[in-house]
Each structure stands twice: as structure tokens, then as C-alpha cells.
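The chain contents come next:
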Amino acid sequence: MMGLPGKARQILAVGLLMCVAVTSTPVPATAGTHEADIAMKATVGNGSATRSAVPGPPVAPASEGPVVIDWEGSIDSFIYKDEYDQNGTLYPRPRPTLPTLGPALAGKPITQFEDSYFTKCALAQGKVYCWGANESGQLGNGTTTAVPQADAAAVGGLLADKTVSAIVMDTSYVCALADFQVYCWGTGNVVRPAAPTVPSTVPLVVDGFRGLKVSAISTHRQTACAIAAGRVFCWGKDIGQDLDQSSYPVPTEMQNGGWGGEPVTSVSVGPQAACIIAGGHAYCWGMTVTKEEPYWPSVRIRNPTRVQADAAFNKLTVKAISANEFHTCAIAGRFTDRNVYCWGQTHMVGRLHDTPPESITPRPVDTSGVLKGKSATLIGSRCVIANDGRPYCWGEASGNYADKVLPHAVDVSGPMADRRVLAMSFVLSRSGVAVRPRVFTDVPTSYPFYDDIVWAAGTGITQGFDASTFRPTSVIDRQAMSAFVFRALNPGVPDPKCDPAAKRLWSDVGVSNPFCGTIEWLKAQGFATGSLFRPAAATTRATMAKMIFRAHHPGMPDRVCSAASARLFSDVTRTTDSCGDIEWLATTGIATGYSSGTYQPGQAVTRDAMTAFLHRRNTLAKAG
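No experiment lies behind these values; they were computed from the predicted model shown. (Residues numbered from 1 in each chain as written. Predicted model: local features only at pLDDT ≥ 70, side-chain atom pairs only at ≥ 80, totals over all residues. Heavy atoms only, no water.)

Draft legend 1. Layout of the sheet that holds strand β12 (residues 173–178). With respect to topology, four strands assemble into an open sheet ordered β11-β12-β13-β14, the strand pairing being antiparallel. One side of each edge strand has no neighbouring strand; the edge strands of this open sheet are β11 (164–169) and β14 (200–205). When strand polarity is set aside, the average angle formed by the axes of neighbouring strands in this sheet is 20 degrees. Two strands pair when backbone bridges link them, and β12 and strand β13 (residues 181–186) are joined in this way by six bridges, in the antiparallel orientation. Among the inter-strand pairings, Val-174 is bridged to a residue of β13, identified as Trp-185. (Pairing = 2+ DSSP bridges. Helix = DSSP H or I, 4+ residues; strand = E, 2+ residues; numbered from the N terminus. Axes fitted to C-alpha atoms, helices over the stretch in contact; angles between N-to-C directions.)

Draft legend 2. Focus on the side chain of Gln-112. Relative to the assigned elements, Gln-112 resides in strand β7 (residues 110–115). At 3.0 Å, the side chain of Gln-112 forms a polar contact with the side chain of Glu-114. At a separation of 2.6 Å, a polar atom in the side chain of Gln-112 contacts the main-chain carbonyl oxygen of Ile-167. (Polar contact = N/O pair within 3.5 Å; in protein donor to acceptor, adjacent residues only side chain to side chain.)

Draft legend 3. Quick look at the pairing of β7. Most of β7 is tucked away, with six of its six residues classed as buried. The loop that links β7 with its antiparallel partner strand β8 (residues 119–124) comprises three residues; one of these, Tyr-117, has a positive phi angle of about 80 degrees. (Buried < 20%, exposed > 50% of the residue type's maximum accessible area, 1.4 Å probe, protein only.)

Draft legend 4. Representation of the packing of aromatic side chains within the structure. Counted by the stated rule, this structure contains twelve aromatic pairs. Ring centres of Phe-440 and Phe-470 lie 5.4 Å apart, and the angle between their planes is 35 degrees; this geometry places the pair in the tilted category. Of this pair, Phe-440 sits in the loop between β32 (426–427) and α3 (450–458) while Phe-470 sits in the loop between α3 and α4 (478–489), and the two are 30 residues apart along the sequence. Classification of Phe-440 by relative accessible area gives buried; the value is 4%. A relative accessible area of 0% means that Phe-470 is categorised as buried. (Phe/Tyr/Trp six-rings, centres within 6.5 Å; stacked < 30°, edge-to-face > 60°.)

Below, the structure written as C-alpha cells:
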């Protein structure tokens, strides 16, 4: 993209969503897996994406709320101080600026900002505000008349009494996710798949999800995909299709590509391909490059298909993905590791650590230099947000700069001082960012154990504390723990019921206890012993270690504590209850303890930490 002047170039982040430094405080270590390397995830915030929508972070007070920062220029223009086109015209490196958002948004914290260049929308306190061009009805105000920024008002109609959690937009339409339903307005296949040329100047509900709760939506041009109850549905045009008619006139569930009952946890729709994450693996479909024709898409894959990769990559958990025009990038790692991998046209993916120069399988990206020692938390196109809350980008492998393919820090001077990046938004781009669903109202996508809780909900381990909340920091008692463990080891199997006529296995657990069946199952499996179960007592970290070890090694005796255990954690000795099981958790990476060097075996386990321990055990089991 070098040399293209002004508006024709790709625009980055009008705007990038920022948050003041108050959000950089690590999450308190209320449970054993609230450890330093995980807690940094909480400082990053929602992964809002180009025309990809998920609910934003919790609303902060107006004085400390998120603000919108603008950069205008090509991604390559971020790499160096100045950029010249072929005629020698100078384009200065973009500097961050604070845009004026108008009186309707004055004092309101902005949780998402999207821009299709001529039309802009902001999400604040559960309402959508749009202004600018309106020839397609994309402002949702019942007219096709343009509205200046100063007159922006909240979109009403069907959204008047709804709480909007995310927005997504293109040049001719806007969609909103509100109360687990999708609403769209404007013109095109995404708004009216069966009548794409008929505009709607007010929000319409998108039907066809079979009553399932929609938790995320990603679109690009006239193609839309959404996650509903851990499954992926698409409507509008097929990926990369040039025909006018819709391939999917209603949201249609995409064919399961081999992930079984694992929930879909992320979706990214790009111009040539779409990708999802399910069971920690990447699946893509659409147009793809081949080894013989690396410079242009040549093969159409109609249904989500597992991304071909080597054995090393297949052992990793994919945590974020971005489908772009000629390349795809992902963040993957084991447990808390987060490394960048790309495939496709190498001149777009940065410098790979190995050959061949054109890679059709994921290869690690060279993140030396400014990204050395940092981990990526969000990825889009050729940019990442690192765990220091700063954006970094790399350029195309062209031009006169030898180091251009290495990551460079984006200018964060001026209004960016002491702020952290929460989300990236690319205007008129050819990329998509992984979209993460919001399953519970009290678990934002920025939450440290977000991935673990979404996995647990998608696999049926938990349906939440009630219909909408999970209460992640509440202590998990022993009876609820029994249900979590049973469901983790028996996916899709209904909870067992106690036979009222049978002799009770525990003297303090009667048939009226709603967890009676799973509690007795623990004893039948040898996971718990004795005559008293103490169902309402808190699950301690020592007990959790024993349960996780026994679940992973059914029928085996508890691990014998070695002399080295005393050196793993300062508060774990050979006489500590479950010492051997704690040692096993540490050596496998399922638990790494607190930053103080302790394990705190008597500490109560919270609901979010329990999902993390079970998810990591599941990942370990799948890896063999």
C-alpha cells in the first residue's frame, strides 16, 4: 500500500479505543490462578474489531471512562516518521488526536467507536449514536438525510428500550447486538438478505437463530457471521462472492468442521475468508491461497475447515484470529503464552522465523525488538496490542526499509499519555479482528478468565449463577465443584440423579440435595472418600488439586510428594495435604501459584478459577 495518497490508503483507527491508566491496575489475586501473567489481561479491555462486534468493557465513571483517539494514515505510515509517495509528496507520520464527539456524547464514557469514513457511530451507556452520511439509511433515524456531528442522537425504534452491548458497521449499514439479539439498519445483504436493495432507515431484528442467544457478530461488506450458543451462523453473501444475491437469505448454521461439541469462541470475517476458533483450534473457509499461486486466492473452501499446521502449532491453543485479504494472523500459545503466528502472503505478515517465504501454514512471526518480552493480547491486520497496553504494527515487505517487516511502536504521544489501548478499529480496511462473545453480563471480554468461562459455558459445565450472570469471584462450594468436575469429564451427559431407595453414600448428603447425583458420583469414582462430604463448605485449593489430579488419572493413587515439592512453593511441604497433587499441577503448568511464590493450599477457590483449572486440564488431556 506504499505510495497511495490520502484517502485511498488504508486508514487505521478512526479510532482506536483508549482507556486511562486507572484501568492498568492488576486484578486482585482472589484465587490461585489470578497470577501476574494472567492478571495483565485485565488491563487491555474489549477486543473490538473492524466491523466486528462484541460487548465492551464495564462502563467506567465519565471522568475515568474510555476516550476515542484518531490516527489517520496507512498502516505503513506508522512505521517511520515520514512517508513519501512516488511523486515525492510528504505524508507525515500520523499523530494521535482527540476527535470532537458532539454534545449528545459529552461526558459519556465511550465503550466502542466505529467509522466507515463518511459515517461514524459511537456506543455509550448502552445506546448507539450515529452521524454523517445517510444515503442508505445507515443512521437509523427514519430518514436518509445526513446528520452533522453536533446533532447526533441515540438510535431509537426497536432499540429504544434495549441495552446495546456492541456495534458493527460498513459503508451502507450498521448492526447492533442488544439483549442477545441482532438488529441492523441501512441497505444491503446483511440488513435484508432476501431484499438487499430495499433500505431500512430504522433497526430491524435479524431472525433465524432458532431462539438461541447471540453473543457476537462479525461482518465485512455484505457478509455477516454471528456466534449463538457456541455455534456459528452466517447470512448475506458467501465469503468472497461477487454476485448480487445472498447465498444465505437467513442466518444459516455453518457445517461443523470437526470440532465436535466444542463451542465456537471467536469469529472473524474478512474480505476473502472467515475464520473461527473452536476447541482452541482455528477453522477457516472462503478463498484461500495455494503454494503454486501465492499471490492471489485460488481455491474456495465452502465450510469451516481446520487450518493445516505442523505438530508444534497443533499443540497450542489459538486465542485470537484475524482474517485479512491475503493473509491470516493468530495469537496462540499454551496456557498463558500468547505468540503471533501468520500465514498467507509473507510480504503482509511480517518476518517469519523460518522458510519458505510464502507460507500456507501458520509460522511464528519475528517479534524481536520493541515486542521482545511482551505478549500479544489482540490482533488485527498487521497490528497487535501488547500486554503493555500499546499498539504495535509492521509494514509490508516492500520499499527501501530493511527492518520494515519488524514490529514498530505506534506513536502514543499527546493525548495517549498514560492511557492504555482497549480496542482497534480499522476504517475501510481489508481485515477483520477476532470477535469474542459475551456470554454473561458480569464477564466482559477483558476479564482474566474470560476464555475459561466461555469454554465452560459452551461445553455445558456451567449455565451461570442465574440466567445472565456467572458471579466469577464467588467462592465455589464443594457441591457445585462436584457438578463442574462431572460435566467436564462427561460432556453432553445429563447430571446423574440419586435413587431415593438406595443407601446414601454420604451421611450429610440427602436425596433432596440438587447435587446429590454428582456428589455420589465423586465417591463412586474414588475422587472423594469418607462419610462426610460437607457440601456447602468452600472448595480449597488443596482439594481442587486432588480433584484435578484424580480426574486426569482415574484409578491411580494420589501422587507421592517428592523432595523437590518444598522448592516449588514456599508454603507447600511434604506434609501438606495434597502435596503430590499440587506438585503435579505445577509441573504441568495447570497452576503456577501466586506472585509471592506461594500456593496457598487452604485458600478458597472461586468460580472463575475453577473453570480455568478444568480448562487447562482439558487442554492437557487433548495434547496427550
